Amino acid sequence: MANGPLEIKAISAHRGGTPGRDVARDYDVCKLRETTFDNTYQTMPDTAWNYWNLIRFNEHENDDGTISWLMRKDQCMHCADPGCLAACPAEGAIVQYQNGIVDFNQEHCIGCQYCVTGCPFNIPKFNTKTKKVYKCTLCSDRVGAGLEPACIKSCPTGCLHFGSKEDMKQLAESRVTQLKEHTSYANAGVYDPDGVGGTHVIYVLHDARNPEHYGGLPSNPTVPFFVKMWKGPLKWIGGMGMALGIVGVFFHHLRYGSKDIDKEEEKRP
Ligand code: SF4
Ligand code: SF4
């Protein structure tokens, strides 16, 4: 993913071209949350409307009885084919930039939560007070100013990397090769699922055959069928129905003319 000035690629429920970026935003989303403790290394049970980036702790028992700790950074995956954007009926509430970032603009959000059902990763979270939905923006403001996202900047172990999709894919594949050649992780692989056109957040997994073991990462995420229908054939059929209705009214008027109003009938109480 490239950083630098953001160029819009797609806008929810928008028919025209792609105008310049609207930077309006509800900055109230960054209030602090209290952590919880459940006798594991898990800090929070889940992401929330004001908690967008969670390290999921997973203790997995292997076939040979040994235990593996499978940590995963859970956040918006910035899908190439985002189900949230396809489902959103409010123009400009969700924007996809050319660099791959999928961003929510709460100024235009009507709080319908269709994006919640459209997302195969359970990411957008509703705030009952503001009646808006929020999620990770991949620090679009920082990236737009030529900086890397804050999570990448603050990671002390160099576990996270940021760059163009091509560069990151290459880096991930080289890490997979390294794991296969120098460790016992013969099934290591890159998580970049085709079902959503690939993602702009990708993982190197020790065991790419079972992404579910990493805190419920779906093995084959897809944009829900009803969302594809709603933006595809159903929308087209609805438009056709409306057009046919107007044509029908026109021909009815041509054939029967205006309805005469019974003046006496009209005067009756
Ligand atoms: S992970 Fe969900 S919220 Fe993020 S871009 Fe994909 S569909 Fe949208
Ligand atoms: S709740 Fe989600 S789908 Fe509805 S308008 Fe807001 S961003 Fe769009």
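Here is a short report on the structure shown in this document. (Residues numbered from 1 in each chain as written. Chains lettered and ligands numbered in written order. Predicted model: local features only at pLDDT ≥ 70, side-chain atom pairs only at ≥ 80, totals over all residues.)

When helices and strands are counted, the protein shows 8 helices and 11 strands. A burial count over the protein gives 23% of its 269 residues as buried. Residue pairs at least 24 apart in sequence account for 54% of intrachain contacts in the protein once pairs closer than 6 positions are excluded. (Helix = DSSP H or I, 4+ residues; strand = E, 2+ residues; numbered from the N terminus. Buried ≥ 20, exposed ≤ 12 C-beta atoms within 10 Å, placed from the backbone. Contact = placed C-beta atoms within 7 Å.)

This paragraph deals with the environment of N220. Position of N220 relative to the elements: it lies in the loop between β11 (203-205) and α6 (225-231). According to the C-beta neighbour criterion, N220 is exposed, with 10 such atoms within 10 Å. Along the sequence, N220 and D192 sit 28 residues apart, while their C-alpha atoms lie 9.9 Å from each other. Apart from the residues within four sequence positions on either side, N220 is in contact with P193 and G195.

Take the site of ligand 2 next. Lining the immediate environment of ligand 2, one finds 15 residues, of which C88, A90, C109, C112 and C115 sit closest. Split by residue class, the shell around ligand 2 holds 12 nonpolar, 3 polar and no charged. (Near = placed C-beta within 6 Å. Nonpolar A, V, L, I, M, F, W, Y, C, P; charged D, E, K, R; others polar.)

Looking now at the nonpolar core. Ranked by internal contacts, the top residues of the largest apolar core, which has 33 residues, are C84, A87, C88, I94, V102 and C115. Residue assignment for this core shows that the elements contributing at least two residues are α1 (83-87), β6 (94-97), β7 (102-104), α2 (114-118) and β9 (132-134). The dominant element in this core, judged by the number of residues it contributes, is α1, at 4 residues. Excluding its chain neighbours within four sequence positions, the residues that come into contact with I94 are S12, C84, L85, C88, V102, F104 and C115. (Core = buried A, V, L, I, M, F, W, Y, C linked by C-beta atoms within 7 Å.)

If you trace the 3 strands from one edge of the open sheet to the other, you get β1-β6-β7, paired in antiparallel fashion. Here the strands that pair on one side only, and so sit at the sheet edges, are β1 (8-11) and β7. In this sheet, neighbouring strand axes are inclined to one another by 30° on average, regardless of whether the strands run parallel or antiparallel. (Pairing = 2+ DSSP bridges. Axes fitted to C-alpha atoms, helices over the stretch in contact; angles between N-to-C directions.)

The next subject is the environment of R56. Looking at the element boundaries, R56 is found in strand β2 (residues 54-56). Look at R56 and you get buried, because 20 C-beta atoms sit within 10 Å. Along the backbone, R56 and D46 are 10 residues apart, and their C-alpha atoms lie at a distance of 8.4 Å. Leave out the neighbours within four places in its chain, and R56 touches M71, R72, D74 and G215.

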